[in-house]
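Fold and contact review
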Amino acid sequence: MSSFSIPTPSGSSAIPIVAPTSEKEPPKSPPSSKNLTANSKTRTCRNLIIHGYCKYEGKGCEFNHDLGKSTSPPNSPETNKSKLSVNSPVFKPSVLLSSIPPEVVNAPPFVPKSTQVNTPEEISVTPTSTTGSPQQKHYYDSGEQEYDNEMTLYEQTLGFYPPVPPPTPFLLSPGGVANHGLNALANSFASLGLNNATNFASNENSLSEVPSHMNNTSYFTTSHHLDPFLYQSQQALLPQPLQYHLYTSPLPHVSNLHPHQKTIHAFFMLDHLREELQRKNESTLKTVNAKDFNLPEELHVYHSLYPLDQRQEKSIKIFGYPSWVYKSVCSVDGRVYCLRRIEGFRLTNEIAMSTIENWRRIRHANIVSIREAFTTKAFGDHSLVFVYDYHPLSQTLFDKHFSSSSLQANNLPQSGGTGVVVPETVLWSYITQLASAIKTIHSSGLAARMIEPTKILSTNKNRIRINCCGIMDMLTFDGGKNIHHFQQEDLIHFGQLIISLACNSLSSVLNLPKSIDYISRHYSPDFKNVILYLLNKPTPTKSVDKVIAMIGPRILHEINSVHHYNDFLESELSQELENGRLVRLLCKFGFINERPEFDMDPSWSETGDRYLIKLFRDYVFHQVDENGYPVVDMAHVLMCLNKLDAGVDERIMLVSRDEQSCLIVSYKEIKNCIDSAFRDLSRRK
Ligand SMILES: Nc1ncnc2c1ncn2[C@@H]1O[C@H](COP(=O)(O)OP(=O)(O)OP(=O)(O)O)[C@@H](O)[C@H]1O
């Protein structure tokens, strides 16, 4: 066979392509190394095709460097002259590719003229190694007529090699990433408890034996022995989402990265933050059947009540009445709120309701905001309901520090251990936050009356909020006569709370000398002085302002920490901002690709600019490796999309699905094509 090459006009970016050499279909199992070597000897070296020479020729490069000698297997397309592109039409690029000329982007798809491939009947049954879209036949049919006149860019050549993605700045090799990606997917399905999925995840070798894209679909369906209806009902029992995300943590051996290198994790927010936010969302969306829990379907403007109480036994110690806590959705604004029901309370003085107005005005980062209060008989009794902001996954300080599980976990003196209790920095943070909240409350002429471990919520790491404000004002309404007394009580309860936390015992307030002794041995003198001040007998001069003056330097430390954390969150947010950009890009792809019809043109999405976009989509998502396995490489996808969004000048080779033609275009040109196609779609006539 004689060699075939098309002189490339100077400046043209099109490169010759050679016709497919051997496999038309991906092999069903990885070829042996012997076969691989044999295959590579028959393949024309890509360096030769692209650069005209190979610097490794004779130095170990296994590919064929003799273009004049046919080494193709007898049944390969290369040996069949009628299939060869020698007789095929040749596209002569007439213009440079600095930008895609209109005649090119409007050109119909390339149809090779060789007799074997240009009949639609035969084409329709010819599998390709990338994808087998039903659109394919149609594409050939529609494009054939205009091919001779308009196609100026595509060139047909003797063989085809899948385009190799440019070297990626990511450390993960395509193969490695592919496996990671598949494994991650597999893990997510394994957590579904599906037998197939578990096999998929657990047996990596079996994965390689599965003919890539052919059998994968079975893992994504419930078609085997899973009744979809049964599955749906099972799903309700499984925690959702099943997995917080599909990316594994960076492995130790990739920790020493060069400055320009990134792992895939650098594109997304931190695992633990994502998981925490996901769990919060999950908990916000939880529902139960109201009848099962004997709850009203509707309560005032609230519905979908979900009980939040951890314990069924109710103490009346705090309010003098049993209280119940529910998450619920407001039908007015669709938001989720926390309802606290005071059971069996009959409101006798309507004026008491007005105290809520004062509390509604308070907005503070360390106070759970109250929205409203109302009475109801929906529970079958006289109940008073307070509506607060809902803070998902919050924990009371009691549960966090004094429950039996937390005592054991902390290895505390009380449980026989010797561990230090709550670190002083954490306690200073609590003191600062509480002092700030109390200052706001007292300045508004109110008293918290809820400085108590079960009524202070920890809503984030070391972030606390005073809960249940305003309830006592209504339950023991006195018109505000004793407010000064209650404010002084707040300070004493504040001191008692801190001493309990420091000694990690609720009974530590009963033996103050011993507790203070413990504190002076384990904590700083400043810390002890603040506690002593708070526990002092009430005097006219004792106030939260004095406490704030005493903890001044610690407040600065707290502000510094908050700003640091703010910076951290902002940078995490910016990662997701970038991803939002890519999602928008993907949406545009979705609008354009495979569109059945636009502007009375059924072939709209397959021709002109859109054909280029389709090829690019294949380049990004549908690549296969040398064994025909799908390249599931997130790093490749992210890199391509980012370059596309930035519109860089870098060029890539897009290959038609029949591997008979290719196009070399820059990301910038593809970006222009997408913009113009999307403009077409969004313009109103
Ligand atoms: N505003 C809120 N947002 C989210 N969860 C809340 C809110 N208020 C309370 N919770 C949760 O409801 C649960 C019960 O709260 P509650 O105040 O009744 O605590 P408790 O320890 O059961 O106290 P008590 O013994 O007085 O009932 C706690 O787990 C708490 O985290």
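Fair warning: this is a prediction, and the values are worked out from it, not measured in the lab.

Conventions adopted
- Residues numbered from 1 in each chain as written.
- Predicted model: local features only at pLDDT ≥ 70, side-chain atom pairs only at ≥ 80, totals over all residues.
- Heavy atoms only, no water.
- Helix = DSSP H or I, 4+ residues; strand = E, 2+ residues; numbered from the N terminus.
- Buried < 20%, exposed > 50% of the residue type's maximum accessible area, 1.4 Å probe, protein only.
- Contact = heavy atoms within 4.5 Å.
- Salt bridge = Lys/Arg side-chain N within 4 Å of Asp/Glu carboxyl O.
- Near = heavy atom within 4 Å.
- Polar contact = N/O pair within 3.5 Å; in protein donor to acceptor, adjacent residues only side chain to side chain.
- Areas by Shrake-Rupley, 256 points an atom, 1.4 Å probe, with all protein chains shown as cover.
- Nonpolar A, V, L, I, M, F, W, Y, C, P; charged D, E, K, R; others polar.
- Phe/Tyr/Trp six-rings, centres within 6.5 Å; stacked < 30°, edge-to-face > 60°.
- Core = buried A, V, L, I, M, F, W, Y, C linked by side-chain atoms within 4.5 Å.
- UniProt positions renumbered as here; feature names shortened; annotations may be inferred.

1. Brief notes about unusual backbone geometry
Here the phi dihedral of N294 falls at roughly 60°; this positive angle occurs in a residue that is not glycine. With respect to the secondary-structure elements, N294 resides in the loop between α12 (271-284) and β1 (298-299). N294 sits in the exposed class, given a relative accessible area of 72%. Here the phi dihedral of M600 falls at roughly 60°; this positive angle occurs in a residue that is not glycine. Residue position: M600 is located in the loop between α22 (552-592) and α23 (609-621). Classification of M600 by relative accessible area gives exposed; the value is 74%.

2. Quick look at the environment of L681
Relative to the elements of secondary structure, L681 occurs in helix α25 (residues 667-682). The sequence separation of L681 and F591 amounts to 90 residues, and the corresponding C-alpha distance is 8.1 Å. Ignoring any residue separated from it by four or fewer positions in sequence, one finds L681 in contact with F591, I592, R595, F598 and W604.

3. Concerning the pattern of salt bridges
Counted under the stated rule, the structure contains 21 salt bridges. We note a salt bridge from D645 to R581, for which the minimum N-O separation is 2.4 Å. One end of the pair, D645, is in helix α24 (residues 634-646); the other, R581, is in helix α22, with 64 residues separating them in the sequence. Among the residues examined, R581 registers a relative accessible area of 25% and is labelled partly exposed. What emerges from the salt-bridge pattern is a single network uniting E594, R617, D618 and R657.

4. A few points about the site of the ligand
Surveying the vicinity of the ligand reveals 19 residues, the closest of which are R311, K314, R340, D389 and K455. D309 places a polar side-chain atom, nitrogen or oxygen, 3.5 Å from an oxygen atom of the ligand. The side chain of K455 places a nitrogen or oxygen atom 2.8 Å from an oxygen atom of the ligand. In isolation the ligand exposes 610 Å². Once the protein is present, 95% of that is buried. Those elements giving two or more residues to the shell around the ligand turn out to be β4 (336-342) and β7 (395-396). Class assignment for the residues of the shell around the ligand results in six nonpolar, seven polar and six charged.

5. What to know about the packing of aromatic side chains
As enumerated under the stated definition, the model contains 13 aromatic pairs in all. Seen in terms of ring centroids, Y302 and F374 are 6.1 Å apart; in terms of plane orientation they differ by 5°. Their pairing is stacked. Placement of Y302 in strand β2 (residues 302-307) and of F374 in strand β5 (residues 370-376) is noted, with a sequence separation of 72 residues between them. For F374, a relative accessible area of 8% corresponds to the buried category. Put simply, the rings of F589, F616, Y619 and Y667 touch in pairs and so form one group of aromatic residues.

6. As for the nonpolar core
Side chains of a nonpolar character, in soluble globular proteins, are inclined to be buried together. Counting 66 residues, the largest nonpolar core has F386, I466, F494 and F527 as the members making the most contacts within it. Here this core gets ten residues from one element, more than from any other, and that element is helix α16 (residues 424-443). Apart from residues lying up to four places away in sequence, F494 is in contact with I431, L434, A435, I438, I451, L534 and V547. Within the second largest apolar cluster, 31 residues are counted, among which are F598, V665, I674 and A677.

7. Things to note about the UniProt feature "binding site: ATP" (unreviewed entry) in the chain
Summarizing the sequence annotation, UniProt attributes the feature "binding site: ATP" (unreviewed entry) to R340, D389, Y390, H391, P392, L393, S394, Q395, T396, T454 and K455 in the numbering used throughout. Along the chain, T396 turns up in strand β7. The residues touching T396, leaving out its near neighbours within four places in the chain, are P453, T454, I456 and L457. With respect to the helices, strands and loops of the structure, T454 is situated in the loop between α16 and β8 (456-460). Excluding its chain neighbours within four sequence positions, the residues that come into contact with T454 are I318, T396 and F398. Within the structure, the side chain of T454 is placed 2.4 Å from the side chain of E452, a separation counted as a polar contact.

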